[in-house]
Amino acid sequence: MIAQKIVITGGPGTGKTSIINALEQDGFFCFHEVIRTMTLEAKKDTNPSSQVSNPLAFAHDPFLFNKKLLEARIQQHINGENIKKNVLFYDRGVPDVLAYMDYFKQKYTKVFIDSCKTHRYQKIFILPPWEEIYISDNERLESFDESKEIHNHLESTYKLYGYNVIFVPLGSVEERKNFILNQIKKR
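These lines cover the structure that appears in this document, whether it is placed above or below. (Residues numbered from 1 in each chain as written. Predicted model: local features only at pLDDT ≥ 70, side-chain atom pairs only at ≥ 80, totals over all residues. Heavy atoms only, no water.)

### Structural notes on the environment of aspartate 96
Phase 1 of the analysis: Within the secondary structure, aspartate 96 sits in helix H4 (residues 94–103).
Phase 2 of the analysis: Each C-alpha atom of the pair aspartate 96 and leucine 69 lies 9.9 Å from the other, and the pair is 27 residues apart in sequence.
Phase 3 of the analysis: Those residues within four positions of aspartate 96 in sequence are excluded, and the remaining contacts are Thr9, Arg73, Leu154 and Tyr158.
Phase 4 of the analysis: Reaching out from aspartate 96, the side chain makes a polar contact with the side chain of tyrosine 158 at a distance of 2.3 Å. (Helix = DSSP H or I, 4+ residues; strand = E, 2+ residues; numbered from the N terminus. Contact = heavy atoms within 4.5 Å. Polar contact = N/O pair within 3.5 Å; in protein donor to acceptor, adjacent residues only side chain to side chain.)

Spelled out as structure tokens, the structure:
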């Protein structure tokens with residue numbers, strides 16, 4: 001059985017985690033976002049009163065931070081090969097790393113590009129920016145305007161790698177979850 005690998009992505013504060021949690025409660029296997037833990041780790045050695053939108057500002061080596069993030073997302077993709085389920089959900093995929101690096105105007109090597117070509121997903125769902133639910137917190141450092149710009153980078157990056165992105169309409173968590181599940185059934 002080869003599972004469908006499904007990415008749920010979007011700019012910060014668009015409701016991805018709520019949908020992932022709802023899917024998990026329904027019995028689906030979900031890979032959770034890895035960057036929140038990495039950002040908290042990187043922030044440990046910084047002045048807690050400094051507020052910046054780029055989590056890489058906390059990293060001693062931004063390229064290494066992104067390389068570790070890429071490796072973590074690749075590992076999630078590889079781990080999916082051993083899970084005996086029809087559908088696997090990912091809170092962000094490998095191309096998200098490049099989209100964010102493009103947004104922050106960071107250079108990356110061929111390894112990053114090749115990883116996007118090698119580790120493929122069957123469907124990509126993008127949640128649009130939604131100001132009414134947007135909340136900033138200790139790990140979500142971007143403003144709502146920055147979230148909109150990141151959304152554009154995510155959309156263009158996934159399209160660059162040949163994906164047909166599916167936009168999830170605004171609505172309750174249940175409505176958005178059901179939209180995603182109905183789209184997957186269409187295969």
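### Brief notes about the side chain of glutamate 33
Phase 1 of the analysis: Position of glutamate 33 relative to the elements: it lies in the loop between strand S2 (29–31) and helix H2 (35–43).
Phase 2 of the analysis: With a relative accessible area of 17%, glutamate 33 lands in the buried category.
Phase 3 of the analysis: Polar contacts involving the side chain of glutamate 33 include one to the side chain of arginine 73, which spans 2.7 Å.
Phase 4 of the analysis: Within the structure, the side chain of glutamate 33 is placed 2.8 Å from the side chain of arginine 92, a separation counted as a polar contact. (Buried < 20%, exposed > 50% of the residue type's maximum accessible area, 1.4 Å probe, protein only.)

### Comments concerning the packing of aromatic side chains
Phase 1 of the analysis: In this structure the tally under the stated criterion is eight aromatic pairs.
Phase 2 of the analysis: Ring geometry for tyrosine 108 and phenylalanine 112: centres 6.1 Å apart, planes at 40°, overall tilted.
Phase 3 of the analysis: Take phenylalanine 112: its relative accessible area is 1%, and that puts it in the buried class.
Phase 4 of the analysis: The ring of tyrosine 163 is capped by arginine 120, whose NZ or CZ atom sits 4.0 Å from the centre of that ring. (Phe/Tyr/Trp six-rings, centres within 6.5 Å; stacked < 30°, edge-to-face > 60°. Lys NZ or Arg CZ within 6 Å of the ring centre and 35° of its normal.)

### Thoughts on the sheet that holds strand S5 (residues 165–167)
Phase 1 of the analysis: Taken together, five strands build an open sheet; the order of strands is S2-S3-S1-S4-S5 and the sheet is parallel. A strand with exactly one partner marks an edge of an open sheet, and here the two such strands are S2 and S5. For this sheet the average axis-to-axis angle between neighbouring strands, irrespective of direction, equals 25°.
Phase 2 of the analysis: Note: strand S4 (residues 123–127) against S5, three bridges, orientation parallel. Bridge pairing in S5 links isoleucine 126 to phenylalanine 167. (Pairing = 2+ DSSP bridges. Axes fitted to C-alpha atoms, helices over the stretch in contact; angles between N-to-C directions.)

### Concerning the nonpolar core
Phase 1 of the analysis: With 31 residues, the main nonpolar core has Val97, Tyr121, Ile124 and Tyr158 as its most contacted residues.
Phase 2 of the analysis: The element best represented in this core is H4, accounting for seven residues.
Phase 3 of the analysis: Ile8, Leu127, Ile166 and Ile184 belong to the second largest nonpolar core, which has 15 residues in total. (Core = buried A, V, L, I, M, F, W, Y, C linked by side-chain atoms within 4.5 Å.)

### With respect to the packing of helix H3 (residues 62–79) against H4
Phase 1 of the analysis: Between H3 and H4, the least distance of the axes is 8 Å, while the angle of their chain directions is 160°. Here H4 runs roughly antiparallel to H3, going by the angle between their axes. Packed against H3, whose contacting residues are Asn66, Leu69, Leu70, Arg73 and Ile74, the element H4 presents Val94, Asp96, Val97 and Met101 at the interface.
Phase 2 of the analysis: A breakdown of the residues in the contact of H3 with H4 according to their chemical character gives six nonpolar, one polar and two charged. (Parallel < 35°, antiparallel > 145°, perpendicular 65-115°, else oblique. Nonpolar A, V, L, I, M, F, W, Y, C, P; charged D, E, K, R; others polar.)

### Considering the pairing of strand S3 (residues 87–91)
The side chains of a regular strand alternate between both faces of the sheet.
Phase 1 of the analysis: For S3, the tally of buried residues reaches five of five residues, placing the bulk of the element in the interior.
Phase 2 of the analysis: The alternating pattern of S3 places Val87, Phe89 and Asp91 and Leu88 and Tyr90 on opposite faces, both of which are buried.
Phase 3 of the analysis: Bridge analysis of strand S1 (residues 4–10) against S3 gives five bridges, and the strand direction is parallel. For valine 7, the partnering residue across the bridge sits in S3 and is tyrosine 90.
Phase 4 of the analysis: Here three bridges tie S2 to S3, and the two strands are oriented parallel to one another. Its bridge partner lying in S3, phenylalanine 31 is registered against tyrosine 90.

### Digging into the packing of helix H1 (residues 16–25) against helix H7 (residues 173–186)
Phase 1 of the analysis: One can describe the packing of H1 onto H7 by two numbers: an axis separation of 9 Å at closest approach and a directional angle of 70°. Comparing the axis directions of H1 and H7 gives the class roughly perpendicular. Contact residues: H1 offers Ser18, Ile19, Ala22 and Leu23, while H7 offers Val173, Arg176, Lys177, Ile180 and Leu181.

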